Structures are given as C-alpha cells and as structure tokens.
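The lines below spell out each chain.
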Amino acid sequence: MKTILLAACLLIPVLAKSQVKIARKQLFNADWVFLKDSTIQAEKPGYDDKSWRKLDLPHDWSIEDLPNQSTDRVIGPFSRESVGGTSTGYTVGGTGWYRKSFTLGNAEKNKQISIHFEGSYMETDVWLNGRHLGFHPNGYTPYSYDLTKYLLPTGQKNVLAVRVKNIGQNTRWYTGSGLYRHVWLNVIEPVHIAEAGLVITTPEVSEMASKVRVKVNISHANGSKFPLFVETTLLSPAGMQVKDIKTTATASSVGGQEITVAKPALWSPETPHLYQAKVVLISGKKRLDSLITSFGIRSIRFNAKEGFVLNGKRVLLKGGCVHHDNGPLGAVAIDRAEERKAELLKANGFNAVRSSHNPPSTSFLDACDRLGLLVIDEAFDMWQHPKKPQDYHRFFAEWWQRDLAAMIERDRNHPSVIMWSIGNEIFERADSSGLRITKNLVDEAHRLDPTRPVTEALCVFWQHPGKTWTDSDPAFALLDVGGYNYEWKNYESDHARHPNRVILGTETFASEALENWNMVEKHPYVIGDFVWTAMDYMGETAIGHTLSEPKSNKDKIPAVLPWPWYNAWCGDLDLIGFKKPQSYYRDVVWRNRAVTMAVHSGIPEGMKESVTNWGWPDEHQSWSWAAEEGKPMQVRVFSRSPLVRLELNGKLIGEQTIADSTITAVFTVPYQPGELKARSFDKGNESGSFSLKTAGKPSRLSIKADRSAIKADRNDLSYVAVEVVDDSGNVVAGPAVQVSFELRGNAELAGAGNANPTGPASFQRSYTSTFRGRCLAIVRPKGSKGSVVLKAAAPGLESAELRLEME
C-alpha cells in the first residue's frame, strides 16, 4: 500500500505587521503615479510624470472605467471590443506604467536594500534609476530585486519604474492588470535571514508533545564570514513563552534547532491555534536581524486506507475552487478583501479551498491560517502547450522551476496549506513530454517540501479524440494524490484497478453535489470534493447559465454566452458574497442544515428549461410571485430526514417520504401569498424547518456593515450591504432600483456593485443598481482615525445611513 506520512509545524511567511522592527520590511504601497500607455518609454529617472495619476497600491486598472463610455459598447470597465472577450468578461488589459520616487536617510546607510513584489499581472519589467533590474512573466508568483548597488547616495531622489503588460489573449478568466498585490521595501543588514529563509517542521506531533525543528537560512550579501548565533523563542497562542534555544550558525544556515512543546494546542479547521516563533540573528552583542512569525502545529498524512488524516483524525474535505478576484474590487488584493473571502467560505460550510489555477496572495493564506481553512495551493493552468495564444506557455520551459520554487518557498510554512497542485487540465498531461514534465515538477516539489503531497487536476481527453480515461493512468502513477475533474463515476472502478490511489474531486458540478459527497462519505480513498466554483467570478461568461427555450429546440446548450454576460454565474455564492440556491442545497448535502427549499420560477407554456453542466435551475429562496397568483409552482424540499411536510399559511399542502438515494422531495403548490414552510421529521420528531414569506411593497432601504469599527488603515475595508425591504424588513427582490451613496468623513468608496451577471456597469461610481433586492458598497479608510457616515438613497424609498468608526 502506498502511504505518505507527513508532519509539519508551520509558520506564516513574514509580513510587515509581524516584524520586530517595521524598518526591516516596509509596505511600499503609497504614493505611486500611474499611466496606462503602450507608446511611451518611461524608465529613465528624468521622465516627466507630473501629469500622471497618483494612487496607492494594490491597483488593478482592468476594473476601472474605460474612456468613451457608450450605452451598448463600453460600460464601466467592460467593452464589446475586448480582446479577451468572454474569457475575461469583456474587460480590457493593455500596458501600464508605475513610477515611485523615494529618498533614503542615514538609517539606511550600509544596509542591504531590496524590493519585493507579491504579484503583478502579467509581464513585468522593473528599473531603478534607469537600470533594468529584471523581467518577470508570471502573473501570480512573487519576485524580488536587490537595489543596493544602483541606489543614489543618502538624500538624493531614487526613481523606481515598473512596466506591466497584459496583452493579447493570455487567460481563460478575469485576471486584472498591474501591481494588484502588495509591494515591500526590505532594509536589512548585509548578513541577515534570507528571503523565505525560515523553515519550521515537526518530525513528531501528538497531543502530549511535539518536536519543533527550526531551520534558518542566512544570507551573506557582502561575502563576509564571522561567528553567528541564532536564538529562537516559541510563544504559545496565549503569548506565553514556551521555550527558547540558542545555536551557533554555520556559514549559510542553522538546521538543527529542536524544541519540544508539551501538550501543544494543535492547529485544525475547528481550532486554528497559532503559536509564534521569535528568531534573532546575533553576532557578538549585536542583533543583526530579528523576525516574529506565527505558526501552527499539526500533522497530516494521506493514504487510500485511511484517507486524509489531520492530527490523527480523518477529515473530509468540503471544498470549493476560487479564482483570485474580489468582485467589485477586481483583482486588488487588499488584506481585508482576502480575509472576507475566506470568512465567507467558512461561514457557508467549506473547510477547504483550491486556489484555481494559480498561487493565491499571502494575505489570503494568512486568513486561511487564522480562520482554519485548508488549502490546495496550485501552480499552473498550462505547461508547454497553450490554452490561449499569449498565455504563460511561452515562458514555462525557462521559468517553471523558478515559479514553482517561488510558490513553495513562500507558502510551505502555512498550516493551512496541505497539498501542492502542479497543474489543471494540462493538454500534454499523458503524452511522453507531459509525463516527463510531471515527474520533474513532482520531484522538485518534494525536494522543496517533503512534508506535503503533490496533486494535479486531470479531466477526460476532450482535446484528444480516441483517448480513453484509462490513458490517464501513467500520469496518476506519478502523483501522490489523483485529482479528478468531473469524474466521480470513475472513482469506484479506478479504485478496483488501482487500490492504493488516493482520489480527490478537484472540480465537480454543483448539481452533482450529493453524488460526489456520497462517494467521500462512503470511501476513505476519496478524500474530498471541490465544487466549481465556491464563488462567482468575472470571465468564462455564463458557464453556469439557465435558458428558457422552445421545447422544439434540440438539447444543446452553449457553454458560454456573449455580451452582456460578464460573470461565470456558477458559484455557490454570488459576486458580492450572498448565497445562491445551490448553496442552500449544499447545506443539506453537508448536513449543516436539516432542511431547505427552493421555488422554481414559472416556465411559459411550450417552453423548456436548459441548464449547463455548471448551472442550476432557475430557483429562488422566495415566495413572492405576484404575477403567478393561482398558478402551480414547483417547490423542491431538500432534507436528509426520511419525511418532509410542506405547509402554506399553516395548512398542510402535502408530505413525502424521501428515499435513501436522494435528499429531494418535489411538490406542486398553487401560488398564493403568505408563508411557505417546510418541516423535516426523523423518527417522529421534527428535525428542522425552513420558511419563506411573501414580501410586501418596497418601502425603505436597509443598510448593514460587516464590521462597523475598522482600522484606520488602507488595508482594511468595511463591506456594506444595502437591501430593498418592506415595512416588516423582508427583502423585496423586485425590479432593479438605483441606489446612490453619500460618504462623509476620511474614507473613500472603493467599489460598489451587485451580483447581476448580465448587467455590466461601473464599480467605481457613487451609485449602483440592486439585483434581486441587494447591492454592496465597499468603504476604504484614507488612513486617519475618526467617524465616517455612509448614506444610501433611492427614489421613492426611505433612505438609510450608518456610522463607521476608523480606529
């Protein structure tokens, strides 16, 4: 039996907020200037940039309103003429330039100074004072440059210039454009802890005691060699000192520090306990470098007999795939936006996420560490064969090793990361070249991090007529965990052929959630299910759509739809974070609710409904259908209890027994307003209920912030939901209503929008429309403390406002 034993005590990669001294790693986001222009060469320090726009990073120009707006061809950031078309949701790339001037003081003399980019999309060149520092072609991996030898003397102005190109057809989804993640300035001694140079593992983990092993890689930038000591102190989740150790360093590393932690607080999705490690680099009496880092103690192992085992207990992966965008903010990776994404996943039952199809931001992984969300960290969507003409395949042969190392070395200390993925639906995955690449990638991942398994997401050979599913066997044989995209029907037969294969549903359809989850619960060798997708995203327009069409039409539904669609519409959650019908269904599949229900919209006579594989029937959690008075409505009740009853206004409509093979009971109910209530029963006892009430006429706006007190920091946000409600506070999901926002105080409106997948509009104006009764405003502090008041108003409705505190 093939078994992988993995144990790791893990840390969060260093951020400025976790440093002992802010000067060591400084956030370099403020006071840049920007111009989108492909015709200029602005790398020289004397270039005149006075007319350029001032902005703070992170920044995504593809989410900004385009020039020459028109009602049908250019709306907000969307253009019918977009080169990316349906793939990018009709958004636009191009070439953008960023410049920043800065001056160093006496405190930086004789220091090693570098700049670190967390990510930029896509092809990026960097200059300092006219000197070309380098080129980086991957849109998602981090990279750094040493600035030291090109810096001007103390007190003189240095000019950093960055050109970012997002050109041609280079992606299958919305990527954003520009410096969309954080930028940092490192100011360190010539002898220092190397970038991503702390590696912490635990060779032994138990509830009684764990061994913590610390390896510190040391960089000698000036080539000097002298005696060094590394002092490591562990702090408990409560901040109490656990133990410390001091070790003599070799020329380049300290690899043997071991600390035993008695009765450790283990990290898991239910208890995401984080310790801290304080590591100090010392020469004589001088502290050369110091870091404080969070980490979690946990062990993992994977095999076909036990499944995925975390801290000695089997865990079933309730997973969802997500792209990296943040709805109305585009790809901008503000810390709070990334944290909210993780919060939404956890709140809706997910305990795992797959970063499709690229490494996520550090901020997102930090949030997963804090909240307890397991992560499959994915590197590539293509290798040497293209999926789009100008995509990363052009650079793969030269850059794969650097980019894989950039991901793993950055992320290997996150307790949330449990698995590396080396690719998704790779064209050449099973031919001779692909098998050679697979082996190289797997071997390199194991070298960089021997504590985690490697997977790859494989699909049927739709690109290779004549090949069958079993032709994937050579590729699966090279992987620690086999990733299956939409192939749950092959799980059992594949296990019969390969009993030691560990199987993971890396992509599945929401409509097959029950079938997939039954496999996970039934078979230990199936370790989890990851739906495509957990959240809606821009691009791949309408892959989750539903059509009403004549019954005479052939049963062939297009995979994507054109303008005005801009959104994939396949998520459990919509673009602004609210639950969609499939999420309520999944609540029952995952046993998080006893019962839910959905009401299908009326289908006109002579018409039929067609739903894509990624779609969902046109159902709603609503009992407000004024135009359907007296007409029969289809109501589906979902429950794992054997008996369900449906009531309307207190009267029994009917009851049904649900067979073990399903969780669905279907009722036909003549519509009349009131309260529709589903009850579930198990052994004669009521196990749960779910109600829908008819909304009255819209009377006012309701406004609610996810947090009413936030930090007076550019990296924080308040997400404010606005709903159209009746006198009783019920949401009125009627026609769109335009909502305008007025913001008073030291903050700005970072974005505003709704979830309508066919309503392209600006995300950056002070107004938006509701979709099914809801919209969202995102408030961003400008940096100083105080109160902010946000007012929402709409014609004919009572306005609403709330106060936010910037602390």
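Refer to the structure above for everything that follows.
Fair warning: this is a prediction, and the values are worked out from it, not measured in the lab.

Draft legend 1. Expanded view of the pattern of salt bridges. For the coordinates displayed, the defined rule picks out 52 salt bridges. Of the charged contacts, one joins R501 and D473 as a salt bridge, the two residues approaching to 3.1 Å between their closest N and O atoms. Of this pair, R501 sits in the loop between α6 (491-497) and β29 (503-508) while D473 sits in helix α5 (residues 473-477), placing them 28 residues apart in sequence. Considered together, R501 and D473 belong to a single accessibility category, that of buried residues. Several salt bridges share partner residues, and in doing so they unite R336, E339, E343, R370 and D706 into one network.

Draft legend 2. Highlighting empty space enclosed by the protein. Taken as a whole, this structure holds 4 cavities of 30 Å³ or more when the rule is applied. By volume, the largest cavity amounts to about 190 Å³. Lining the largest cavity are 20 residues, with Y121, Y140, D381, M382 and Y392 positioned closest to its centre. For the lining of the largest cavity, the class distribution of residues is 9 nonpolar, 6 polar and 5 charged.

Draft legend 3. Spatial organisation of the packing of aromatic side chains. Taken as a whole and assessed by the stated rule, the structure comprises 36 aromatic pairs. Ring geometry for Y143 versus Y145: centroids 5.8 Å apart, planes at 70°, classification edge-to-face. Side by side, Y143 and Y145 carry an identical accessibility label, which is buried. The residue whose ring lies beneath K579 is Y584, and the NZ or CZ to ring-centre distance is 5.0 Å. The side chain of K580 reaches across the aromatic face of W569, ending 3.8 Å from its centre.

Draft legend 4. Here's a closer look at the sheet that holds strand β40 (residues 685-693). Sheet architecture is open: 4 strands sit in the order β37-β36-β39-β40, paired in antiparallel fashion. Both edges of this open sheet fall to β37 (651-657) and β40, since each of them pairs with a single strand only. Neighbour-to-neighbour, the strand axes of this sheet turn through a mean angle of 20°, independent of strand direction. Pairing geometry for strand β36 (residues 643-648) and β37, over 6 bridges, is antiparallel.

Draft legend 5. Up close: the nonpolar core. Counting 107 residues, the largest nonpolar core has F308, L317, L345, L441 and I527 as its most contacted members. A total of 7 residues in this core trace back to one element, the largest contributor, which is helix α3 (residues 396-411). In this view, L317 contacts F308, N351, A352, L374, I418, L504, W517, I527, G528, D529 and F530; residues no more than four positions away in its chain are not counted.

Draft legend 6. Quick look at the sheet that holds strand β3 (residues 32-36). With antiparallel pairing, the 6 strands of this open sheet are ordered in space as β4-β3-β7-β12-β9-β10. Two strands in the sheet have a free side with no partner beyond their single neighbour: β4 (53-55) and β10 (131-136). Looking at each pair of strands side by side, their axes are set apart by 25° on average, direction ignored. Bridge count between strand β9 (residues 123-128) and β10: 5 bridges; the pairing is antiparallel. Paired with L128 across the two strands is R131, which belongs to β10.

Draft legend 7. Layout of the side chain of H620. Relative to the helices and strands, H620 resides in strand β34 (residues 619-620). Under the relative-accessibility criterion, H620 is labelled buried at 17%. A polar atom in the side chain of H620 sits 3.0 Å from the side chain of D618. Leaving out residues up to four positions away in the same chain, H620 has contacts with P581, A598, V599, S601, W625 and R772.

Reading the values: the criteria
- Residues numbered from 1 in each chain as written.
- Predicted model: local features only at pLDDT ≥ 70, side-chain atom pairs only at ≥ 80, totals over all residues.
- Heavy atoms only, no water.
- Salt bridge = Lys/Arg side-chain N within 4 Å of Asp/Glu carboxyl O.
- Helix = DSSP H or I, 4+ residues; strand = E, 2+ residues; numbered from the N terminus.
- Buried < 20%, exposed > 50% of the residue type's maximum accessible area, 1.4 Å probe, protein only.
- 1 Å grid on protein atoms, 1.4 Å probe; cavity = no way out; pocket = protein on both sides within 12 Å on 5 of 7 lines; lining within 4 Å.
- Points joined across faces, edges and corners; volume = space filled by probe spheres on them.
- Nonpolar A, V, L, I, M, F, W, Y, C, P; charged D, E, K, R; others polar.
- Phe/Tyr/Trp six-rings, centres within 6.5 Å; stacked < 30°, edge-to-face > 60°.
- Lys NZ or Arg CZ within 6 Å of the ring centre and 35° of its normal.
- Pairing = 2+ DSSP bridges.
- Axes fitted to C-alpha atoms, helices over the stretch in contact; angles between N-to-C directions.
- Core = buried A, V, L, I, M, F, W, Y, C linked by side-chain atoms within 4.5 Å.
- Contact = heavy atoms within 4.5 Å.
- Polar contact = N/O pair within 3.5 Å; in protein donor to acceptor, adjacent residues only side chain to side chain.

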